[in-house]
Amino acid sequence: MCGIAGIVAAPDTALPNGIQLDALRGALAHRGPDGGGHTAVGGVALVHTRLAIIDVAGGDQPLYAGAAALVGNGEIYNYRELYREFPGVNFTTGSDNELALHVWLRDGASYGDHLRGMYAIAIHERAARTVTLSRDPFGIKPLYVVQTGSGLAFASEPQALLAAGYGERRVRAAARDELFQVQFTTGAETIFPGIHRVLPGETLTCRDGKVLERRRISAVPDGAPEEIDEKQALERLDAALTESVDLHQRSDVPYGMFLSGGIDSATILTLMSRLNDTPVLAFTAGFAHGGVADEREGAARVAKSLGAEHDAIEVTQAMVWEHLPAIVACMDDPAADYAIIPTWFLARRAREAGMKVVLAGEGGDEIFAGYSRYRSAARPWWRGGRVMRGRGNFDRLDVLRERPAAWRDGIAAADAEAGVPGRSRLAAAQAADMADWLPHDLLTKLDRCLMAHAIEGRTPFLDPGVAKAAFRLPDGLKVQQGMGKYILRQWLAKNCPAANPFGPKQGFTVPMGQWIGEKGDRLGPLVAAQPGVAEIAKPGRVEALFRASNHRRHGFGSWVLLFYALWHNAHILGRPIGGNVYEALATA
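Residues numbered from 1 in each chain as written. Predicted model: local features only at pLDDT ≥ 70, side-chain atom pairs only at ≥ 80, totals over all residues. Heavy atoms only, no water.

**Q** Provide a residue-level description of the packing of aromatic side chains, including the pertinent values.
**A** Taken as a whole, this structure holds 17 aromatic pairs when the rule is applied. Seen in terms of ring centroids, Tyr 371 and Trp 437 are 6.2 Å apart; in terms of plane orientation they differ by 85°. Their pairing is edge-to-face. Here Tyr 371 is found in the loop between α11 (364-368) and α12 (372-378), whereas its partner Trp 437 is found in helix α15 (residues 437-451), with 66 residues between them in sequence. In terms of burial, Tyr 371 and Trp 437 fall into one category: buried. What links up through ring pairs into an aromatic cluster is the set Phe 180, Phe 192, Phe 394, Tyr 564 and Trp 567. Here the guanidinium or amino end of Arg 373 rests over the ring plane of Tyr 371, the centre of that ring lying 4.1 Å away. (Phe/Tyr/Trp six-rings, centres within 6.5 Å; stacked < 30°, edge-to-face > 60°. Helix = DSSP H or I, 4+ residues; strand = E, 2+ residues; numbered from the N terminus. Buried < 20%, exposed > 50% of the residue type's maximum accessible area, 1.4 Å probe, protein only. Lys NZ or Arg CZ within 6 Å of the ring centre and 35° of its normal.)

Listed below in structure tokens is the structure:
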């Protein structure tokens, strides 16, 4: 895991000075504290900061082969298999990314078809004066671009581009409306005008400061549900999951995993325990609060049954108020998902325990149809079916000065694109979530919260082999008796009964509504006075909302406003990050 950035200058335009390149490198230092490198030639500059995972001693970047140079962020898990495709080649490192460079030299822009992993990659070919930018099909690793009068700039995080003077510290109103209504933003455009995401699976060919060509790889297969019975499906699933977890454990540094009380992480720990000779170290976060389920007891039961070492932490209200400004600040591409809070604390604990890699369960609900909203979307309207995210978080709260008008346009576009011929309504709902919710909320959360502590997060469910084995399963093997992830539950019931996969779902949440309600009289006026909030919300209604935060919808609305106030201070106003939540808000 690393940070990458670079410049593709327009013709007759000088490369940026060292100050700008240093700004890019400095802004990405947390992603790669183990070293860094750069190259600048022929109107192209590449920057790299390294978190050393594979070939710790010899894998520094940029990597070179022939007339090409590469900087990459992520892991190519099938690098050992790719070695066999290049007999006689004298590789200069043991880095997995060097294989990606040689595949590109052989196959050009289609090279991503042969990579199995999570990655954001930039390759400069000096003779053709091209730069190829690529992102993995699931969007696990981030990559952003901005077009300027002097050329094209790219980086792993928008805040790095802003720090170097590329892009504007302004809010795009349409993205802000999405953030408030659905807690994340959709599509290629970010909340910062002019800064765009390279979409999951995209490869861009660039020259002379412009994008010449785009191609894209799909994360999941098209087509109608397969004809396969449960026994065949379980056998195929076992093979695919075992292979994926085995690949995701390839590392030259210590690794562990995040264990919740759910079936996704229990599945991963079951497979890791099967594949490792020594006990796996599993990290769990919990809350000693009567209003939410505490996952530590269930996680401890699963860990004990599998012989894993279990490290459980308690996230307290005092911890959250002390560190929330820093937690929110790491979410430069904003997602107001309060799961960022336990994820950030888990990453800190894992780093303290000596880990540089953790495996996590993100993607299980999307691949195996776990969310209740999928089941609702799959039903026709006359049976109570509903479109996903048909109602926004701030509908009927009477807090915003103007009612968001087009906030659902991006969601609707993803819904339409997901409905390919032959695909069931259930699979279309899954695919729509994988276009935006997964990369722009869950995976952004995982990437930023872990990289804030220089931890690499790996997601074995988001693997081409697992997608091939599971995505086109018949709807009846995904959902039975009103319960999602049926086939995965069946697999887990056989392989780890202690996980109780068919037991009642507790649901994971963070008691932010209750905590905000306890401090509402103090927090409400502070949030209402923040510049980012004051320009879009009614101060009196903001304060009333915070006082009523024990109500579920009011509590989540208050959380989004608090998140946005802190985010706006950090990334629009550029205020220093430091101090607790009250100190951060008192600077208005």
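That shown, we press on.
**Q** A description of the nonpolar core should follow, citing residues and the corresponding values.
**A** Core analysis: the largest hydrophobic core is formed by 176 residues, its most contacted members being Leu 269, Trp 321, Leu 324, Ile 341, Trp 559, Leu 561 and Leu 562. Sorting elements by how many residues they give to this core places helix α23 (residues 552-571) first, with 10 residues. Apart from residues lying up to four places away in sequence, Leu 562 is in contact with Trp 321, Leu 324, Ile 516, Val 527, Phe 546, Val 581 and Leu 585. In this structure, Val 145, Leu 152, Leu 204 and Cys 206 belong to the second largest nonpolar core, which totals 17 residues. (Core = buried A, V, L, I, M, F, W, Y, C linked by side-chain atoms within 4.5 Å. Contact = heavy atoms within 4.5 Å.)

**Q** Describe in detail unusual backbone geometry, supporting the description with residues and values.
**A** A cis amide bond, omega 10°, links Gln 61 with the succeeding residue Pro 62. Look at Arg 129: it is not a glycine, yet its phi comes out positive at around 60°. Looking at where Arg 129 falls in the secondary structure, it is placed in the loop between β6 (117-125) and β7 (130-135). Classification of Arg 129 as partly exposed rests on a relative accessible area of 41%. Phi at Ala 454 is positive, roughly 55°, even though this residue is not glycine. Relative to the helices and strands, Ala 454 is located in the loop between α15 and β17 (456-458).

**Q** Talk me through empty space enclosed by the protein; I want residue IDs and the actual numbers.
**A** The final tally for this structure, using the stated rule, is four cavities of 30 Å³ or more. In this model, the largest cavity occupies a volume close to 80 Å³. Considering the residues around the largest cavity, the lining is formed by 14 residues, among which Cys 2, Arg 50, Gln 61, Asp 96 and Asn 97 are closest to the centre. Listing elements by their share of the lining of the largest cavity, those giving two or more residues are β5 (68-76) and α3 (96-107). No other element matches the three residues that β5 contributes to the lining of the largest cavity. Counted by class, the lining of the largest cavity contains five nonpolar, six polar and three charged residues. (1 Å grid on protein atoms, 1.4 Å probe; cavity = no way out; pocket = protein on both sides within 12 Å on 5 of 7 lines; lining within 4 Å. Points joined across faces, edges and corners; volume = space filled by probe spheres on them. Nonpolar A, V, L, I, M, F, W, Y, C, P; charged D, E, K, R; others polar.)

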